[in-house]
Amino acid sequence: MKEVWRINDSKIILPVIAGSLPAGFPSPAADYIENSIDLNTLLISNPTATFFAQVHGDSMTGAFIHPTATHLIIDRSLAPKHRDIVVAIVLGEFTVKRYLILPQGVMLAAENPKFKPIPISEGIDAEIWGVVTYFITEAQKV
Amino acid sequence: MYALVDCNNFYASCQRVFEPRIRRLPVVVLSNNDGCIIARSNEAKDLGIKMGDLPFKMLDFLTANNVQIFSSNYTLYGDMSARVMQVIAAAAPKYEVYSIDEAFIDLQGVAINELEAFAKRLKRNILQATGLPVSVGIAPTKTLAKLANRWAKKHPETDGIHVLGTDQKVSVALQQTMVGDVWGIGRQYEQMLNRHNITTALQLSLTSESWIRKSMSVVGLRLVKELKGQSCILLEEMQPPKQNICTSRSFPEIITEKEDVRKWVMTHMASCAEKLRRQNSCASAIHVFLQTNPFRMQDKQYYRSITIPLLTPANNTPELLFYAGKALNAIYRPGYNYKKAGAMVLDLVPACERQGSLFDSVDRLRAEKLMNCIDSTNAIFGRNIVRYASQGYGERWQLRQARKSPSYTTRWQDVIKIQI
């Protein structure tokens, strides 16, 4: 599908049916059609403040964020808490890191020993853009 | 009391949310077809760039000052606007979407000493959810709220919030606002008032009501009463459907051939038809116009338009295209360098109240089904995926939008890309 519909209009509906369907017979399951599953209800609690991003790079592989196969769901309305994964702006560029409140101050830490944590202190051009609430990774690419 | 919430430099701010790199750089956004500048960040305003400036005439200046230039991306602006309005809706039961980046709120029920805190909270929530900065003006009437908002924008020390809560504050704001900057005062009234030595909003508010009524009609009188703090313009929670719809555009290049002009006229008319169906209206007449470029002094000039009344009000594309074709045949003349064409639909009536004609030979039910089908297909797969042959094919019929940003919020391929 090409267009992403407005979040609150979109419905990805998978009917959940109790029982199997006998062929050539009016489905007795028809009486048991329960709710339908809308992925949005699971993944998006505040559509107004929800944005998507796609990541490239390997600094977060320890958090299962795959270098090519992951989409992030970001909620801008949340305040970041200790150990949240956040989208931040550092020196005018987006990045994704783990947000740590440590005795020595706030750090943006990678989930890959190859990368050093970035201390966020006065005078550093950095801000939190949003909190990552879910990531979706394409299993067949991992 | 009323509040006016207005996004600061809305289009430029939308671009900035998704490109942190340009947060402190001057940003301009261009009109359809990249013709002229229609939005500026504060930094761009400070450089002296004006609305309507032609980017191609000042490219060296723009590059030298590192101005970031964007084609307009209405998909993005529309989605971001809807998000802002949703935050407002969550905060206030009664509000009116006044334009893509402004909304009025009826603050009945909010105590006077809570207004400032209400505005602060709303401003913070909108910024947090969408990344967009807004200004809030609060006053006893909509006209004064507009004025308060302007004040908040002009005075950085207000932090984007200004409440005209006392008569004293109202008269200071009126004193320092020129009549031409009052909501609803156009150029002609401004000149007329200036001739009568009325230059500030305060002077206008003190002018005798009978004189205002005589020289500016009841609309002017209503406006002056609003300046005095008597609320006369109510909140319109439902936008009335548009009374006419116009689609027109300058061609990306000069066109001389009739067949090329036809494709544009047809594309514009098809777009009008789609908008008609979206607001559930039918047009009673169509209007088509065609013109050369008045700035090319060396060219012979030509402008002509024609209006064709329809026997039965209609909103189905083939019928409107048929009449648009007739209209073009009537006004097209060979031998001119054409620059612009447009299509308009007029005297709109609700689709359900359409008066049938005795001689109507169109199977309207069938046409309606077909149009529904086309509209929903195009909604999923993209505009003009299903279209009429007369609209033409090929890249040449696309808008010229050389610097368009991705539709970050409405297309999977376009979501923010982050290198980590």
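See above for the structure.
About the cut-offs
Positions within a chain are numbered from 1, following the residues in the order the chain's sequence is written. Think of it this way: whatever chain is written first is A, whatever ligand is written first is 1, and the rest follow in order. Only residues with pLDDT of at least 70 get local features here, since the model is predicted, and only at 80 or more are side-chain atom pairs given and counted; chain-wide, interface and lining totals rely on the full set of residues. To get the side-chain values, take all heavy atoms of the structure and skip hydrogens and water. Using a grid of 1 Å spacing that covers the protein atoms alone, one calls a set of points a cavity when a 1.4 Å probe fits there but cannot get out, and a pocket when the set is open and has protein on both sides within 12 Å along at least five of seven lines; lining residues are those with an atom within 4 Å of a point. Grid points are joined across faces, edges and corners, and a volume is the space filled by probe spheres set on the points. A run of H or I in DSSP counts as a helix once it spans at least four residues, and a run of E counts as a strand once it spans at least two, with each numbered from the N terminus. Only Asp, Glu, Lys and Arg are considered charged, only Ala, Val, Leu, Ile, Met, Phe, Trp, Tyr, Cys and Pro nonpolar, and every remaining residue, Gly among them, polar. Any residue under 20% of the maximum accessible area for its type is buried, any over 50% is exposed, and the rest in between are partly exposed; the area is computed with a 1.4 Å probe on protein chains only. Any two strands between which DSSP finds at least two bridges are classified as paired. All axes are obtained by fitting lines to C-alpha atoms, using only the stretch in contact for helices, and the reported angles, taken between N-to-C directions, cover 0 to 180 degrees. Residue contacts are defined here by distance: any two heavy atoms, one from each residue, within 4.5 Å place the two residues in contact. Here the buried area means the combined drop in accessible surface, using a 1.4 Å probe, for two parts upon being joined, counting both sides. One speaks of a salt bridge when a side-chain nitrogen belonging to Lys or Arg is within 4 Å of a carboxyl oxygen belonging to Asp or Glu. Residues adjacent in sequence count toward polar contacts only when both atoms are side-chain atoms; beyond that, a polar contact is any pair of N or O atoms within 3.5 Å, and within protein one must be able to donate a hydrogen and the other to accept it.

A. Inspection of empty space enclosed by the protein at higher detail. Residues and elements named next belong to chain B. All chains considered together, the criterion is met by one cavity of 30 Å³ or more. What the largest cavity holds in volume is close to 130 Å³. Lining the largest cavity are 15 residues, with Ala270, Glu274, Asn378, Asn384 and Val386 positioned closest to its centre. Looking at the lining of the largest cavity, the elements that each hand over two or more residues are α11 (258-278) and α13 (364-381). Element by element, the count of residues in the lining of the largest cavity is highest for α11, at five residues. Looking at the lining of the largest cavity residue by residue, the class counts come to four nonpolar, six polar and five charged.

B. Representation of helix α1 (residues 10-18) of chain B within the structure. Across the nine residues of α1 of chain B, nine count as buried, placing the element largely inside the fold. Those residues of α1 of chain B that sit buried are Phe10, Tyr11, Ala12, Ser13, Cys14, Gln15, Arg16, Val17 and Phe18 of chain B.

C. Up close: the sheet that holds strand β1 (residues 2-7) of chain B. All names here are of chain B. Taken in spatial order, the five strands make up an open sheet running β5-β6-β1-β7-β8, and their pairing is mixed. Edge positions in the open sheet fall to β5 (95-99) and β8 (161-163), since each of these has one partner strand only. The average angle at which neighbouring strand axes cross in this sheet is 15 degrees, direction not considered.

D. Up close: unusual backbone geometry. One non-glycine residue with positive phi stands out, namely phenylalanine 64 of chain A, at about 65 degrees. Along the chain, phenylalanine 64 of chain A turns up in the loop between β3 (50-56) and β4 (70-75). Looking at phenylalanine 64 of chain A, the relative accessible area reads 66%, which means it is exposed. The phi dihedral of asparagine 66 of chain B falls on the positive side, at around 55 degrees, and the residue is not glycine. Among the structural elements, asparagine 66 of chain B can be located in the loop between α3 (59-64) and β4 (68-71).

E. Examining the interface of chain A and chain B more closely. In this assembly, 37 residues from chain A lie in contact with 32 residues from chain B. Regarding the contact of chain A and chain B, the summed buried area is about 3200 Å², with carbon and sulfur atoms giving 55% of it. Counting the contacts that link chain A with chain B gives one salt bridge. Linking glutamate 127 of chain A and arginine 23 of chain B is a salt bridge whose minimum nitrogen-to-oxygen distance equals 2.9 Å. Summed over the shared surface of chain A and chain B, the result is 15 residue pairs in polar contact (both at pLDDT 80 or more). Mapped by element, the contributors of at least two residues to the side of chain A that touches chain B are β3, β5 (85-90), β6 (93-102) and β9 (126-137) of chain A. Of all the elements, β3 of chain A adds the most residues to the side of chain A that touches chain B, at seven residues. As paired strands, β3 of chain A and strand β14 (residues 416-419) of chain B are joined by four bridges and run parallel to one another.

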